[in-house]
Structures are given as structure tokens and as C-alpha cells.
Amino acid sequence: MRLIKASRQAIAAAREARAAIRGGFDRPTAGMAPGMTQANMICLPRDWAFDFLLYAQRNPQSCPVLDVIEAGDYRTPLAEGADLRSDIPRYRVWEQGRLVDDVTDATALWRQHPDLVTFLIGCSFTFETPLREAGIEIRHITDGCNVPMYKTSRQCRPAGRLSGELVVSMRPIPADRVSDAVTISGRFPAVHGAPVHIGEPHLLGIADLQHPDFGDAVRIEPGELPVFWACGVTPQAAVMRSGVPFAISHAPGHMFITDIPDAAWQGA
């Protein structure tokens, strides 16, 4: 991460967004606090933490680690005064690899499971502001819905007890702007970087773009191509595949908003 400080106005917007979330805002966060980094989250028991750290190291494009928070803690230097237990709009609760609950505040769960190690993972929302500034429409923001995400037939490199599929997010991009989207997102390797695939979803094992595994389907207009980026929901696929005994994650598309400007990760 480059040492770039956000403006007071931008930090204030990020803190206002977190306050709204803590106060009950429960929607996807794409487009909130523009220009400020958003992050995925996954919490696992301490005895699974090394396996996940190794998994992330072996699969850096899908699992780029921005911060690791020690067992039981809920604070991060990426956002002063934030509380990871309540400052994400929606959380998912996993037992034995199965989704068992969906909550808007995880404070009680944190207290019940003090051995959880928390990982903040880079999010492709980080480069959406630069894409929009370049005149590239982000369809899920335009239409006010969640970004579509898909499990693929590509397998991540396993680590210890963890294995799973690569998950991708998709944005329709006009064919004549695909190279621009590749160049712009490629400047942010610490938050997924350039696309992993362009067009031909069947080559990723995706049978129907109108039925995403996570998020919402979006319209694809004539002349647009589906462009796929590695996604920070990939750790949740590993939790499912590997039967992790207990975990907490963000709900797909419902991110943690930091005080770090997007530009801090450019070229990182």
C-alpha cells in the first residue's frame, strides 16, 4: 500500500457510511463513499488461520490480504474507530461449511467465539470509481443492485485443509472499452487487478449469466462483453468446500468501507 492520505471530506464520507451501516443500513455498498477502499471479510478459528493465510498467499489474485486482525479483535488500522462486528451491512454465519444464519450485527458471535482471526481481503469495488471516471458504466451501480458473482470450474491452489473454486464478479463492458477496463483495473493488483477472463462464460463453467451464485443478474446490452474479475467471495467457496467448523464472512456485495483511498493500492 502506498502512503496516500485521503482528504478530510473523503474520510468523513467513509465514516458517515460506516455510521449509517452501524445504524441499520442493509444494502450492497457499491458506490458508497466513492474513492474509498472497500474490503471483503472472513473470520476463521485460530487453528485454521495459518491454512487460510497460506491459501491467500497461493491465490493472491482472488484473495489479496489487506489486513490480518488478531484473534478476538475487531479493530483495524485501515479505519480508525471502526468496529468490524457491526460496520458491515450484513454478515453470513457458517458451520461445518454450511450457511446457517444471516445477521446485520455480529457482536454477539464475536463474544461467543473469541478465537476468531479476521482477514480483510481486497475488493474489486476499489477500482470501480476509476472505471466510472473513465466513462465506463458499472451496470450494478446504475441499476441499483448487487454485482453478479459466479463460482467457476477453475480450482484455486489448495493449502492445508482448504480448497475451493475461484469465484468471479462480472461487469458488462462495451467491446470497444474492454482494453481500457483491463488497463485501469490492472493498475490495482492488490485488489484483484486485471480481469481473469473476457467473454465466453462457458469456458469458466458458467452455464447461465442470468443465474449468478451470489448477487443479482444484470442486463447485458448489445455490443457489450461479460468481463470477469477474481472475487473476494472466493474464501467463502473454500469455507463451503472444506467444511470449516465455524466462520463469519461478509454477505456478498456488503463490504467494509475503510479510510484508505483507492489510489493507495494503485501499482501496489
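First, a word on what this report is: a plain description of the structure on this page.

Conventions we followed
- Residues numbered from 1 in each chain as written.
- Predicted model: local features only at pLDDT ≥ 70, side-chain atom pairs only at ≥ 80, totals over all residues.
- Heavy atoms only, no water.
- Helix = DSSP H or I, 4+ residues; strand = E, 2+ residues; numbered from the N terminus.
- Buried < 20%, exposed > 50% of the residue type's maximum accessible area, 1.4 Å probe, protein only.
- Phe/Tyr/Trp six-rings, centres within 6.5 Å; stacked < 30°, edge-to-face > 60°.
- Lys NZ or Arg CZ within 6 Å of the ring centre and 35° of its normal.
- Pairing = 2+ DSSP bridges.

**Quick look at unusual backbone geometry**
Of note in the backbone geometry, Gln96 takes a positive phi value of approximately 50 degrees without being a glycine. Among the secondary structure elements, Gln96 is positioned in the loop between β3 (91–95) and β4 (98–103). The class of Gln96 is partly exposed, set by a relative accessible area of 44%.

**As for the packing of aromatic side chains**
Working definition: an aromatic ring pair is given by the centre-to-centre distance plus the angle between the planes. Inspection of the entire model under this criterion finds four aromatic pairs. Judged by centre distance (6.4 Å) and plane angle (35 degrees), the ring pair of Phe52 and Tyr55 falls under tilted. Of the two residues, Phe52 and Tyr55 are both situated in helix α2 (residues 46–58); the distance of three residues between them amounts to about one turn of the helix. What makes Tyr55 buried here is its relative accessible area of 0%. Measuring from ring centre to ring centre gives 6.4 Å for Tyr150 and Phe228, while their planes differ by 75 degrees; the resulting arrangement is edge-to-face. Within this pair, whereas Tyr150 is found in strand β6 (residues 149–155), its partner Phe228 is found in strand β9 (residues 224–230), the two being separated by 78 residues in sequence. Pair check on accessibility: Tyr150 and Phe228 agree, each one buried. Through a chain of ring-to-ring contacts, three or more aromatic side chains come together here, namely Phe52, Tyr55 and Phe119. For Arg161, the ring lying beneath its charged end belongs to Trp48, and the centroid distance is 4.0 Å. Looking at Arg171, its charged tip hangs above the ring of Trp229, at a distance of 5.2 Å from the centre.

**So, the sheet that holds strand β8 (residues 197–198)**
Within a sheet, each strand pairs with its neighbour through backbone hydrogen bonds, oriented either parallel or antiparallel. The four strands are arranged β6-β7-β9-β8 in an open sheet whose pairing can be described as antiparallel. Strand pairing shows two members of the sheet lacking a second neighbour, β6 and β8, which therefore form its edges. Where β6 and strand β7 (residues 165–174) come together, four bridges link them in antiparallel fashion. Bridge pairing in β7 links Lys151 to Val167.

Note that every value here comes from positions in space, so none of it alone points to a role or purpose.
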